[in-house]
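An overview of the molecular structure
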2 protein chains.
Amino acid sequence: MDPRQAELLNSAIRTISIRHRALAAALLAPLGLHPGQEVLLFELHNRGPLTQGQLASASGCEPPTITNSARRLEAAGLLVRTESPDDARVTIVDLSDRGRALLPALQQAWTQLAEQSVARLLTTPPERLVEDLSDLASSLEAARARCSPCSTRSRSREPVDEGVPDPGSAPIRQ
Amino acid sequence: MDPRQAELLNSAIRTISIRHRALAAALLAPLGLHPGQEVLLFELHNRGPLTQGQLASASGCEPPTITNSARRLEAAGLLVRTESPDDARVTIVDLSDRGRALLPALQQAWTQLAEQSVARLLTTPPERLVEDLSDLASSLEAARARCSPCSTRSRSREPVDEGVPDPGSAPIRQ
DNA sequence: AGCCTATGATTATGCGGCTAACCTTTTGGG
DNA sequence: CCCAAAAGGTTAGCCGCATAATCATAGGCT
């Protein structure tokens, strides 16, 4: 791919990520929520009580993220976490009454977010934009699915000897 | 806007943000970089030495973010920060030799990121996707510019009565 | 039964990003 | 000339999100 096009694509995605999140923050703040938290509430609303693992995959993030976010939302009184009676490992999370009461306003904020996001489009019909974004989202999800099984290989208890860890081949860590 | 469409739009943007970042992390890790850091290096490469403030607006994030990221990149030896001789307040940041040496590999990773992002598109021509994403990015940038100067006034606020500090009207903070 | 693995969740740690508050240096009036 | 306002950065604190390591329970297999 042309490096110029690549740069355009990556930069556009970065801008969209940051600005959409900022807009979400502004619209969710009156409801006492941070961006990302609303997704958990929506998933619980649409699918009913969920295991934290289910909530993780439903919301597209990793289990530790759910642990922390669910804890905060529980402290805020918006959801309840209970131990499963069937399996002592799993914790089931569900909306609380306060959480449920928040949903209409949340739905409204969610709609405003989308409206304001596309309000200044110059050349793109919103319907086509949604289709293209969904297509891109699927493409990225597929890329992830293809890359993931390679690294998540046969986890035997015996630690695999990887040789000498390359000192320059990992992200900076301070 | 139709709530269904709004949900599709917001969810797609969320998925794109998370997955694109994850893919970037995977491609940048061999170079010792985290997603977001490459942007600073590219900007310095394309525009020459910059003030941290200029770097902030060029990279689309806030000054405190630059302070921390630039510090880490300096610690990694990829860039240099020097006090401006003209103005004791400003610090000028520029690529180091090591940072410059990293650019070709960075350019390659950046291109791979874009290629892999669009590799599984089903119905969307990549050129159109780039155009639409750029349009959306501009729209969101414009929304930000519009919301920033005015203090959220013009809308009629029916839900919350301004006057008593509502204990639930700010993001959850623990 | 006994062990070994798989699974669900949590802890620890780190990064990018943000806002609010603060410090320092410049600058612009009176 | 001096002092107040503006401008550039940093600090402190928080959140979402991630990976790696750990803990605890469930399940399978001999």
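In this report, we go over the structure that sits alongside the text.

Reading the values: the criteria
- Residues numbered from 1 in each chain as written.
- Chains lettered and ligands numbered in written order.
- Predicted model: local features only at pLDDT ≥ 70, side-chain atom pairs only at ≥ 80, totals over all residues.
- Heavy atoms only, no water.
- Pairing = 2+ DSSP bridges.
- Helix = DSSP H or I, 4+ residues; strand = E, 2+ residues; numbered from the N terminus.
- Contact = heavy atoms within 4.5 Å.
- Buried area = accessible area lost by both parts, 1.4 Å probe.
- Salt bridge = Lys/Arg side-chain N within 4 Å of Asp/Glu carboxyl O.
- Polar contact = N/O pair within 3.5 Å; in protein donor to acceptor, adjacent residues only side chain to side chain.
- Nonpolar A, V, L, I, M, F, W, Y, C, P; charged D, E, K, R; others polar.
- 1 Å grid on protein atoms, 1.4 Å probe; cavity = no way out; pocket = protein on both sides within 12 Å on 5 of 7 lines; lining within 4 Å.
- Points joined across faces, edges and corners; volume = space filled by probe spheres on them.

**Looking at the pairing of strand E3 (residues 91-95) of chain A**
Bridge analysis of strand E1 (residues 50-51) of chain A against E3 of chain A gives two bridges, and the strand direction is antiparallel. Considered in E3 of chain A, the bridge of Thr 51 of chain A is made with Ile 92 of chain A.

**Looking at the interface of chain A and chain B**
Size of an interface: often given as the accessible area lost when the parts come together. Of the residues lining the interface, 76 residues belong to chain A; the matching set on chain B comes to 76 residues. Taken together, both faces of the contact between chain A and chain B bury some 7,000 Å²; the carbon and sulfur share is 61%. Linking chain A with chain B are four salt bridges. A salt bridge links Arg 19 of chain A to Glu 141 of chain B, with the nearest nitrogen and oxygen atoms 2.8 Å apart. Between the two partners, chain A and chain B, sit 29 residue pairs in polar contact (both at pLDDT 80 or more). When residues of the side of chain A that touches chain B are traced back to their parent elements, those giving at least two are helix H1 (3-28), helix H2 (37-47), helix H4 (63-75), helix H5 (97-118) and helix H6 (126-151) of chain A. Per-element accounting of the side of chain A that touches chain B gives the leading share, 18 residues, to H1 of chain A. The residue inventory of the side of chain A that touches chain B, partitioned by class, reads 38 nonpolar, 24 polar and 14 charged.

**Here we look at the sheet that holds strand E2 (residues 79-83) of chain B**
Residue and element names in this part refer to chain B. In spatial order, the strands read E1-E3-E2; together these three strands make up an open sheet with antiparallel pairing. The strands lining the two open edges of the sheet, one partner per strand, are strand E1 (50-51) and E2. Bridge count between E2 and strand E3 (residues 91-95): five bridges; the pairing is antiparallel. Residue pairing for E3: Val 80 is matched across the bridge by Asp 94.

**Some points on empty space enclosed by the protein**
On inspection of all chains with the given rule, the structure shows one cavity of 30 Å³ or more. In terms of lining residues, the largest cavity is bounded by Ile 13, Ile 16, Ser 17 and Leu 133 of chain A together with Ile 16, Ser 17 and Leu 133 of chain B. Secondary structure elements with two or more residues in the lining of the largest cavity: H1 of chain A together with helix H1 (3-28) of chain B. Top contributing element to the lining of the largest cavity by residue count: H1 of chain A, with three residues. Class assignment for the residues of the lining of the largest cavity results in five nonpolar, two polar and no charged.

Note that every value here comes from positions in space, so none of it alone points to a role or purpose.
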